[in-house]
Amino acid sequence: MTSPSEQRGEPARVLGAGDATLIGAGAMIGAGVFAVFAPAAHRAGVWLPVAMLIAAVVAYCNATSSARLAARHAESGGTYVYGRERLGEVWGYLAGWSFVVGKVASCAVMALTFAAYVLPGYERAVAVSAVVVLTAVNYVGLRRSLAVTRVLLAGVLLALGAVVVAAWTGGGADPARLDLGADWPGFFGLFGAAGMVFFAFAGYARVSTLAGEVRDARVIPRAVTASLVGVLLVYLAVGVSALAVLGPRNLARSVAPVEDLALASAGPWLVWVVAVGAAMACLGALLSLVLGVSRTVLAMSADGHLPRALASIHPRFGVPHRAELAVGAVVVVLVLSVDLRGAIGFSAFGVLVYYAIANASALRLGPEENRPPLLVPIVGLVGCVVLALSLPTGSVLVGAAVLAVGAGVWLGRHWWSGRASAGLSGP
């Protein structure tokens with residue numbers, strides 16, 4: 001028997017408050033925590049925890065704006081929907097374009113990174129297998145995805161917890177390495193590091209993207225805030241531990257910072273624990289990314305920006321099954337044809353553009369629509385712009401190029417539609 005939402009062609013509303021919080025936390029505690037601290041420490045040095053707090057403030061403003069908007073527009077699609085409804089169709093389209101293009105590439109990166117941990121030398125075959133399996137998990141319903149997310153998140157938290165405990169009980173941690181009086185990185189370095197760390201927080205609004213599958217939209221703001229605060233505490237614990245044990249210079253030079261922290265704190269046995277945790281984090285991130293991207297594809301397809309055939313809900317499982325299959329197929333093609341691990345910097349730029357549009361949309365909420373205090377979307381909007389422009393120049397240029405391609409596609413489509421309409425209405 002189908003639910004009313006399924007009968008109307010909408011996703012099934014199966015998420016409660018705890019489930020929504022789990023989705024948000026599982027999306028954030030992904031592979032980023034195992035890699036982002038080294039490049040961020042290169043920019044910020046011992047000021048890394050301050051950069052993390054700056055990123056968290058911007059993320060909180062973005063999350064609050066997204067959550068209030070999701071409560072008013074409780075449908076799948078996230079900022080694509082908010083921009084369309086509050087700013088105009090083109091802004092929603094650019095938000096959706098930035099999200100889909102950047103996150104599809106991120107899916108391929110997560111799959112390849114997982115494969116590198118599990119079976120080096122056979123990365124592409126293992127990555128394709130991971131994409132196929134997780135797409136199948138998502139296909140059979142959100143409840144299955146939640147069950148897998150619980151297992152993966154528990155494994156990652158256990159691994160990170162073991163590393164933090166070992167760091168402070170193994171005798172290698174030196175609080176003197178946390179002295180903020182040394183090596184001021186300058187505001188450009190500090191904000192650049194915050195922009196990199198922000199990328200590791202980027203899954204906090206996954207709940208908003210899945211708003212069409214939450215039973216009670218009023219729980220969305222609480223779920224987003226709870227998941228963000230919890231993940232910030234985890235990141236601070238790991239980042240401060242890495243600085244205290246490795247020092248800012250060694251951390252900045254590290255290729256695998258959490259593994260180096262584990263090796264310095266407890267030896268090779270803990271490195272294996274971290275490797276397992278990192279592999280699980282990659283799977284969790286990939287699972288969440290496919291969920292979020294497919295819901296944005298669903299919304300964009302329903303509006304005709306992508307093939308309308310993708311805007312289909314499975315009558316039994318209540319998921320956008322064609323969108324999920326399409327996302328999985330594109331990721332498999334990328335995994336088999338391109339190595340994106342060294343060219344993914346534009347994803348952080350795209351995420352910041354996406355949330356800048358979310359904050360601008362929140363400014364259009366009225367007082368009767370539970371609008372957040374105006375300072376929240378203003379800080380979020382300005383913060384997104386500052387962090388985006390503080391990223392490495394290559395990331396900014398590639399991100400701007402991707403955005404320009406999206407704008408070109410939009411203009412070309414409207415030009416063609418205008419010509420077609422003129423032809424139909426002509427003599």
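These numbers come from a predicted model, not from an experiment.

### Section: the packing of helix α7 (residues 123-139) against helix α14 (residues 321-337)
Item 1. Relative orientation of the contacting elements α7 and α14 amounts to 175 degrees, with a least axis distance of 9 Å. Judged on the interaxial angle alone, α14 and α7 are roughly antiparallel. Residue-level inspection shows Arg124, Ala127, Val128, Val131, Thr135, Asn138 and Tyr139 of α7 in contact with α14, the latter providing His321, Glu324, Leu325, Gly328, Val331, Val332, Val335, Leu336 and Ser337.
Item 2. Of the residues in the contact of α7 with α14, the class split is nine nonpolar, five polar and two charged.

### Digging into α7
The periodicity of an α-helix, 3.6 residues per turn, causes residues three or four places apart in sequence to face the same way.
Item 1. The end-to-end C-alpha distance of α7 is 24 Å, a good match for the 24 Å that 17 residues give at a rise of 1.5 Å each.
Item 2. Those residues of α7 that sit buried are Val126, Ala127, Val128, Ala130, Val131, Leu134, Thr135, Val137 and Asn138.

### Describing empty space enclosed by the protein
Item 1. The tally for this structure, following the rule as stated, stands at five cavities of 30 Å³ or more.
Item 2. In this structure, the second largest cavity spans a volume of roughly 50 Å³.
Item 3. As for the second largest cavity, its lining consists of Ser98, Gly102, Phe346, Phe349, Gly350, Val353, Gly399, Val402 and Leu403.
Item 4. Where the lining of the second largest cavity is concerned, the elements lending two or more residues are α6 (89-118), α15 (345-362) and α17 (393-425).
Item 5. Among the elements that take part in the lining of the second largest cavity, α15 stands out by supplying four residues, more than any other.
Item 6. A per-class count over the lining of the second largest cavity returns five nonpolar, four polar and no charged.

### Some thoughts on a nonpolar patch on the surface
Item 1. On the surface, a nonpolar cluster with roughly 300 Å² of combined accessible area is contributed by Leu374, Ile378, Val382 and Val386.
Item 2. Its location among the elements puts valine 382 in helix α16 (residues 375-390).

### Concerning the confidence of the model for the protein chain
In regions of low pLDDT, the predicted coordinates are not meant to be interpreted in detail.
Item 1. Within the protein chain, residue pLDDT values average 81, and 83% of them lie at 70 or more.
Item 2. For the protein chain, helix α1 (residues 4-7) is the element with the lowest average pLDDT, namely 40, and α16 is the one with the highest, namely 90.
Item 3. A low-confidence stretch, residues 1-9 stays under pLDDT 50, and its non-local contacts, those more than four residues away or across chains, total eleven contacts.

### Examining the pattern of salt bridges
Item 1. The tally for this structure, following the rule as stated, stands at five salt bridges.
Item 2. Notably, a salt bridge pairs glutamate 369 with arginine 86, separated by 2.7 Å at the nearest N-O pair. Remark: arginine 86 occurs in helix α5 (residues 79-86) and glutamate 369 occurs in the loop between α15 and α16; sequence separation between them is 283 residues.
Item 3. A residue is classified by how much of its surface remains accessible, and glutamate 369, at 11% relative accessible area, is buried.

### A closer look at the environment of alanine 329
Item 1. Relative to the helices and strands, alanine 329 resides in helix α14.
Item 2. In sequence terms alanine 329 and valine 132 are 197 residues apart; their C-alpha atoms lie 8.5 Å from each other.

### Here's the deal with the environment of phenylalanine 349
Item 1. In this structure, phenylalanine 349 sits in helix α15.
Item 2. A relative accessible area of 9% places phenylalanine 349 in the buried class.
Item 3. C-alpha of phenylalanine 349 to C-alpha of glycine 195: the two residues are 154 residues apart in sequence and 8.6 Å apart in space.

### A look at the packing of aromatic side chains
Item 1. Overall, the coordinates contain eight aromatic pairs when judged by the stated rule.
Item 2. Seen from their ring centres, tyrosine 93 and tryptophan 410 are 5.3 Å apart, and the 40 degrees between their planes marks the pair as tilted. Placement of tyrosine 93 in helix α6 and of tryptophan 410 in helix α17 is noted, with a sequence separation of 317 residues between them.
Item 3. Judged by its relative accessible area of 4%, tyrosine 93 is buried.
Item 4. Taken together, the aromatic side chains of Trp47, Trp184, Phe187 and Phe191 make up a single cluster linked through ring pairs.

Rules of the game
Residues numbered from 1 in each chain as written. Predicted model: local features only at pLDDT ≥ 70, side-chain atom pairs only at ≥ 80, totals over all residues. Heavy atoms only, no water. Axes fitted to C-alpha atoms, helices over the stretch in contact; angles between N-to-C directions. Helix = DSSP H or I, 4+ residues; strand = E, 2+ residues; numbered from the N terminus. Parallel < 35°, antiparallel > 145°, perpendicular 65-115°, else oblique. Contact = heavy atoms within 4.5 Å. Nonpolar A, V, L, I, M, F, W, Y, C, P; charged D, E, K, R; others polar. Expected span 1.5 Å × (residues − 1). Buried < 20%, exposed > 50% of the residue type's maximum accessible area, 1.4 Å probe, protein only. 1 Å grid on protein atoms, 1.4 Å probe; cavity = no way out; pocket = protein on both sides within 12 Å on 5 of 7 lines; lining within 4 Å. Points joined across faces, edges and corners; volume = space filled by probe spheres on them. Patch = residues over 30% accessible without salt bridge, like charges linked within 9 Å, V, L, I, M, F, W, Y side chains within 5 Å. Areas by Shrake-Rupley, 256 points an atom, 1.4 Å probe, with all protein chains shown as cover. Salt bridge = Lys/Arg side-chain N within 4 Å of Asp/Glu carboxyl O. pLDDT = per-residue confidence, 0-100. Phe/Tyr/Trp six-rings, centres within 6.5 Å; stacked < 30°, edge-to-face > 60°.

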